[in-house]
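Observations on the three-dimensional arrangement
Here is how the chains run, residue by residue.
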There are 2 protein chains.
Amino acid sequence: MQPVRVGSKELIREINSSLVLGELRGGLVSRTELARRTGLSLPTVSEIVGELLGNGVIEERETASSGGGRRPVLLGLKADAGYVIGIKLTETRVIAVLTDLNAGIVERATAEVATSDVGTVVRTVAKTVRSLKGGRLVYGVGVGVAGVIDRAGGVVRHGTYSDWHDVELAALLEKKLGLPVVVDNDVNTLVANEQWFGAGRGVSDVAVVSIGRGIGLGMVLDGRLYRGAGGGAGEFGHTKVVADGPLCDCGGSGCLEALIGEPAICARAGTATIEEAIDKARQGDETTVKIFDQVGRTLGTAVGNLVNLLNPKLIVLAGEGTRAADLFLPGFDDALRSTVFDGLQRDLEIVVDDWDDEAWAQGAAGLFLGELFQPNLRPDEAGRPSLTARSAS
Amino acid sequence: MQPVRVGSKELIREINSSLVLGELRGGLVSRTELARRTGLSLPTVSEIVGELLGNGVIEERETASSGGGRRPVLLGLKADAGYVIGIKLTETRVIAVLTDLNAGIVERATAEVATSDVGTVVRTVAKTVRSLKGGRLVYGVGVGVAGVIDRAGGVVRHGTYSDWHDVELAALLEKKLGLPVVVDNDVNTLVANEQWFGAGRGVSDVAVVSIGRGIGLGMVLDGRLYRGAGGGAGEFGHTKVVADGPLCDCGGSGCLEALIGEPAICARAGTATIEEAIDKARQGDETTVKIFDQVGRTLGTAVGNLVNLLNPKLIVLAGEGTRAADLFLPGFDDALRSTVFDGLQRDLEIVVDDWDDEAWAQGAAGLFLGELFQPNLRPDEAGRPSLTARSAS
DNA sequence: GGACTTCCTTCGGTGACCTTAGTAAGGGGT
DNA sequence: ACCCCTTACTAAGGTCACCGAAGGAAGTCC
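Right, let's walk through the structure included here. Values in this document were obtained by computation on a predicted structure and should not be read as measured data.

**Comments concerning the protein's contact with DNA strand D**
Around DNA strand D, the structure places 25 residues, and the nearest of them are Ser46 and Val73 of chain A together with Asn16, Ser41 and Thr44 of chain B. A share of 64% is what sugar and phosphate atoms reach among the atoms of DNA strand D within 4 Å of the protein. In this structure, a phosphate oxygen belonging to DNA strand D sits 2.7 Å away from a side-chain N or O atom of serine 46 of chain A. Contact between DNA strand D and valine 73 of chain A: a phosphate oxygen at 2.7 Å from a main-chain N or O atom of the residue. Contributions of two or more residues to the surface near DNA strand D are made by helix H2 (31–38) and helix H3 (42–55) of chain A together with helix H1 (9–24) and helix H3 (42–55) of chain B.

Now the structure itself:
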């Protein structure tokens, strides 16, 4: 049995505060409306609102109109109540954004890191964070890295594009910054963004497939980001889809990534970059068109199998690879349809979300915000960030 | 956002009662020890225990020895506090067991049903349940059926071995029996049993693969049975593992089930039954031995991909097909090892659990018990069964 | 038989919830 | 202009589940 937090008055308050805060995210709402939406009684909502007002997390805005009665006072998150910083680490760059509590980007910064040396990366990140922060109240930092990540411990177990092994990234950054830091797989940052602020909002079961150099997968199952027993769930790119297929960097053969990752496409199309391959296909080169069609079919089958296993409500295709969506989508759809088991077709929705590097960083911020807004049902993870217990400086 | 239940005093009590009951399942424990294990204070535990004693759910047993102090009064589930009935529906038979609150089998019964006519099946099940029940206090019934099941609504959306579509099985049975009924996919009954009473106890992330005529999959993710958005998760048997593979009953081609389900093995081995094929292989027939080896490899690759996606801690192989485990396990292991991504190997555990039909029925009982013992964190699903609010007759 | 241990209960306090009963603030009809 | 109606919110009081502290119960040991 996973440890379950014991029921207590504090737990109740935490749950209900989160409920109220959740409704306040992304909209102005009155106390009465909050009570209606959350199912709480009006006095309870009033008290919680009072507390949040006192903390400076939310504020009263203008009054709305009413149909013949006292006008409701609208409440909303205080724009400058605090900020969060999101970081996306790539091989060569640190991409950072400062966002408000609605994950809206306020400021951005990037820095180059030529090396994968841990110390250098940590220093660069810290410098970037400090310059973004300025004198502002920042609740914490979310970091997205490609690889197998132990989210609870903030450890990079196995970096995809680096030789990192068991690097305690969160601890190192927290020490340097004096801020709470959450580290997670980069695809999960996209998922967090989807779940909290994007197309996946309000959907309990979502799979986000990122296409690009590698093929990644992030999942929201039963309303929660799923990471697997050791934080290693989502190695979609390394599922084996053909027997005796091409060799993959991971050491295996027949990996999805080795078939339809950008390097593989370039190799087959005989181009140096993926852009060239796309151009070639768009100009009507038959062989290249066929390559993209096959890529679509391979991906469609793999995603179809994923649907058979998990029966999500929504599939989001994201990442740079979606630039070629027009080329591979027909094949993708076709293969998907013939792969997915009969009964699971009808309610399935597919969305293509064309995101850039900055969106990954924004997602990392969303990851931290998710942590901030969600009640903590597990036993106390030490130092877990909170909006109400102002630990941030 | 999935609806989250609002925090209240009742929620606290429910959580903590479940905590206490959970510790009491499968062992005698004193009040003090309960307090220590749950993290609750002694007075709270005492009060909850008092309530449960009053309800007749638990009882005081003998006192244990102590090292120089008052002896602890051991508490345990009352053996005859109530019962649960588990049903496994197959094409031709209704297999039923009556279990106590620890899922221990007290009595059993089976009945033949030649037809798949809903009315006839429901009548036969009802008759079987009534004969098993006798005059006893039965909290409810759990039913396992192969197919896509909407667990929340108790609806069989799509039967695997029947032409059932959108059959409201739970409602029909509840009406006939006057007892709460839970319906779920049959593999999930195995999972429930594993999770609550078997090898998967205490493990948060488990995949149970059932092998036999079909290939099924049940999952515990993050400590909870995962069913997918529409209850259709786990169609492992219908994932496509080879391009242009053999046709499957489902209409697709290349399904795992069409490759390594028992009918497929028989066809390839040229035998009428799977037993014959097993015998043939055990007697050293090379072709047949090779067939089983290939079956193992195919399964191993598929399960390996599953591990890449979900990173479970434990894989349980179950079902009649495990009779041939000696024949296919070497190939299975080999393929699994070469499929699973590097970092995910180390903590993975594989267990073969040789279960018979009765175990499926026992699992169905466990399914209902799980419902009974787990606190309800979602908004009130009407008529959800409970141990403390004695709705059973 | 007294001291010490250990188990459990009693009692009072706290806090978060709810219900009920107000008060505040606007609209509209006569 | 007045009064009443509607709607939004606040105040007061009650309930209940939690906890800590203190005390009673039931042993063991010397």
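Still to come is the rest of the account.
**Description of the pattern of salt bridges**
Here the structure, examined in full by the defined rule, presents 42 salt bridges over all chains. A salt bridge links glutamate 33 of chain A to arginine 36 of chain A, with the shortest nitrogen-to-oxygen separation between them at 2.9 Å. Of this pair, glutamate 33 of chain A and arginine 36 of chain A both sit in helix H2, 3 residues apart, which is roughly one turn of that helix. The partly exposed category is assigned to glutamate 33 of chain A, whose relative accessible area is 24%. Residue arginine 36 of chain A is classed as exposed on the basis of its relative accessible area, which comes to 59%. One salt bridge in this structure joins arginine 323 of chain B and glutamate 275 of chain B, with 2.6 Å as the shortest N-O distance. Of this pair, arginine 323 of chain B sits in the loop between strand E14 (314–318) and helix H11 (325–339) while glutamate 275 of chain B sits in helix H9 (residues 274–282); the two residues are 48 residues apart in sequence, bridging distant segments of the chain. Judged by relative accessible area, glutamate 275 of chain B falls into the partly exposed class, the value being 38%. Via salt bridges that share partners, Glu23, Glu33, Arg36 and Arg37 of chain A belong to a single interconnected network.

**So, empty space enclosed by the protein**
Applying the stated rule across the entire model yields 6 cavities of 30 Å³ or more. A volume near 110 Å³ is recorded for the largest cavity. Lining of the largest cavity is provided by 14 residues; of these, Ile211, Ile265, Gly321, Ala324 and Phe328 of chain B occupy positions nearest its centre. Of the residues in the lining of the largest cavity, the class split is 9 nonpolar, 2 polar and 3 charged. If you list the elements that add at least two residues to the lining of the second largest cavity, you get helix H8 (262–269) and helix H10 (286–310) of chain A. Considering each element in turn, the lining of the second largest cavity owes the most residues, 3 residues, to H10 of chain A. Per-class residue counts for the lining of the second largest cavity are 9 nonpolar, 2 polar and 1 charged.

Cut-offs and rules
Residues numbered from 1 in each chain as written. Chains lettered and ligands numbered in written order. Predicted model: local features only at pLDDT ≥ 70, side-chain atom pairs only at ≥ 80, totals over all residues. Heavy atoms only, no water. Near = heavy atom within 4 Å. Polar contact = N/O pair within 3.5 Å; in protein donor to acceptor, adjacent residues only side chain to side chain. Helix = DSSP H or I, 4+ residues; strand = E, 2+ residues; numbered from the N terminus. Salt bridge = Lys/Arg side-chain N within 4 Å of Asp/Glu carboxyl O. Buried < 20%, exposed > 50% of the residue type's maximum accessible area, 1.4 Å probe, protein only. 1 Å grid on protein atoms, 1.4 Å probe; cavity = no way out; pocket = protein on both sides within 12 Å on 5 of 7 lines; lining within 4 Å. Points joined across faces, edges and corners; volume = space filled by probe spheres on them. Nonpolar A, V, L, I, M, F, W, Y, C, P; charged D, E, K, R; others polar.

Such coordinate-based values are descriptive only and should not be taken to indicate function.
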